[in-house]
Amino acid sequence: MGQAVNESVPRLRDVFADHFLIGAAVNPRTIVSAADLLVRHFNCITAENEMKFERVHPTEDTYTFEDADRLVRFAREHGMRMRGHTLVWHNQTPNWLFEDRDGRPVDKATLFARLKSHIDTVVGRYKHDVFCWDVVNEAVADGGDRPLRESKWWQIAGDEFIARAFEFAHEADPDALLFYNDYNESHPVKRERIYTLVKSLKERGVPIHGVGLQAHWHLKSPALDDIRAAIERYASLGLTLHITELDLSVFEWDDRRTDLKAPTAEMMELQEQRYEQIFRLFREYRDVISCVTFWGVADDYTWLDNFPVRGRKNWPFLFDERHQPKPSFWKVVNQR
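A. Highlighting the packing of helix α6 (residues 108-125) against helix α8 (residues 160-172). In the contact formed by α6 and α8, the axes pass within 9 Å of each other and the chain directions differ by 35°. The element α6 and its partner α8 pack so that their crossing is right-handed. Contacts from Lys108, Phe112, Leu115, Lys116, Ile119, Asp120 and Val123 in α6 reach Glu160, Phe161, Arg164, Ala165, Phe168, Ala169, Glu171 and Ala172 in α8. Residues that form the contact of α6 with α8 fall into these classes: nine nonpolar, no polar and six charged.

Right, here's the structure in full:
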């Protein structure tokens, strides 16, 4: 088990038991180093990387499920729900999927056949353990003239790959909830692009059940009104919403400082206020938000330590580097 956990503090999963699931992204390291914290406070987990295409299917004839299986066992042993992440993404996908033996792009039929085989195998394997999947991740462009990202998926199959992925996932597990997942989901321009895509899928009868708002947010952006507008816009489609990758960076996107060894008092105060505001908003929309997942557990490990500035430490969670609750934790649990 990990570091000592304060057992006198309220459990997050109990505080929000009547509102939504409380989740965390995990990996084989954190289910050991943060095991006590996970078991006490969370009732849902997501594999940070271990279910992504390149990890479970590195070559056409090879599947490597060991790490993903380890996370699934952890969830099962501790009575946690598990989110599947992710089946289709432009990153962390091996080149073999898109190429023939000579390195040339495959045709659409070959790509779809390979995708269906992958989804049948992966979704089928975890059919009784994973209750929902981020089926397509980050397919919408942030800017430019085209609404969709010009990925290899799009170059070979146009926008058809999105619907087909959902159809294949539904065939592999008819009981799983299927999500479209994206970042910058609260920025007005991208929000409307995501809304238009999901609305089109739903109108065409594609089996999509929810929208995942990644929620990689900052201390001052996006504006709370924009987050509210995004929640209402997606919920208007009659779909459930998951907050899928929540963290609150103490740096704004254009802040490139590298000199801090610890967060400033101002950063912690702003983070405290921000967490209080967004969880108040989540509570307000608990009828449409059914799961809130942090993209990590505590400040000792976060992907933001190296992104977007290499080598820079970040402190984005409710628990500090010693796994103790931060002031922001108390602002979240003591809301009335």
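B. Looking closely at the nonpolar core. The biggest cluster of nonpolar side chains holds 99 residues, and the ones touching the most others in it are Trp133, Leu246 and Phe279. Per element, the largest residue contribution to this core is eight residues, and it comes from α8. In this view, Leu246 contacts Gln214, Ala215, Trp217, Tyr275, Ile278, Phe279, Phe282, Val292, Thr293, Phe294, Trp295 and Phe317; residues no more than four positions away in its chain are not counted. Ranked by size, the runner-up nonpolar core spans seven residues in total, among them Leu219, Phe251, Leu260 and Met268.

C. Molecular detail of empty space enclosed by the protein. According to the stated counting rule, one finds two cavities of 30 Å³ or more in the structure shown. Residues belonging to the lining of the largest cavity are distributed by class as follows: six nonpolar, three polar and two charged. Size it by volume and the second largest cavity reaches roughly 30 Å³. Taken together, Thr30, Ala34, Val297, Ala298, Asp300 and Tyr301 make up the full set of residues lining the second largest cavity. For the lining of the second largest cavity, the class distribution of residues is four nonpolar, one polar and one charged.

Quick notes on the rules
- Residues numbered from 1 in each chain as written.
- Predicted model: local features only at pLDDT ≥ 70, side-chain atom pairs only at ≥ 80, totals over all residues.
- Heavy atoms only, no water.
- Axes fitted to C-alpha atoms, helices over the stretch in contact; angles between N-to-C directions.
- Helix = DSSP H or I, 4+ residues; strand = E, 2+ residues; numbered from the N terminus.
- Left-handed = near helix turned anticlockwise from the far one by under 90°.
- Contact = heavy atoms within 4.5 Å.
- Nonpolar A, V, L, I, M, F, W, Y, C, P; charged D, E, K, R; others polar.
- Core = buried A, V, L, I, M, F, W, Y, C linked by side-chain atoms within 4.5 Å.
- Buried < 20%, exposed > 50% of the residue type's maximum accessible area, 1.4 Å probe, protein only.
- 1 Å grid on protein atoms, 1.4 Å probe; cavity = no way out; pocket = protein on both sides within 12 Å on 5 of 7 lines; lining within 4 Å.
- Points joined across faces, edges and corners; volume = space filled by probe spheres on them.

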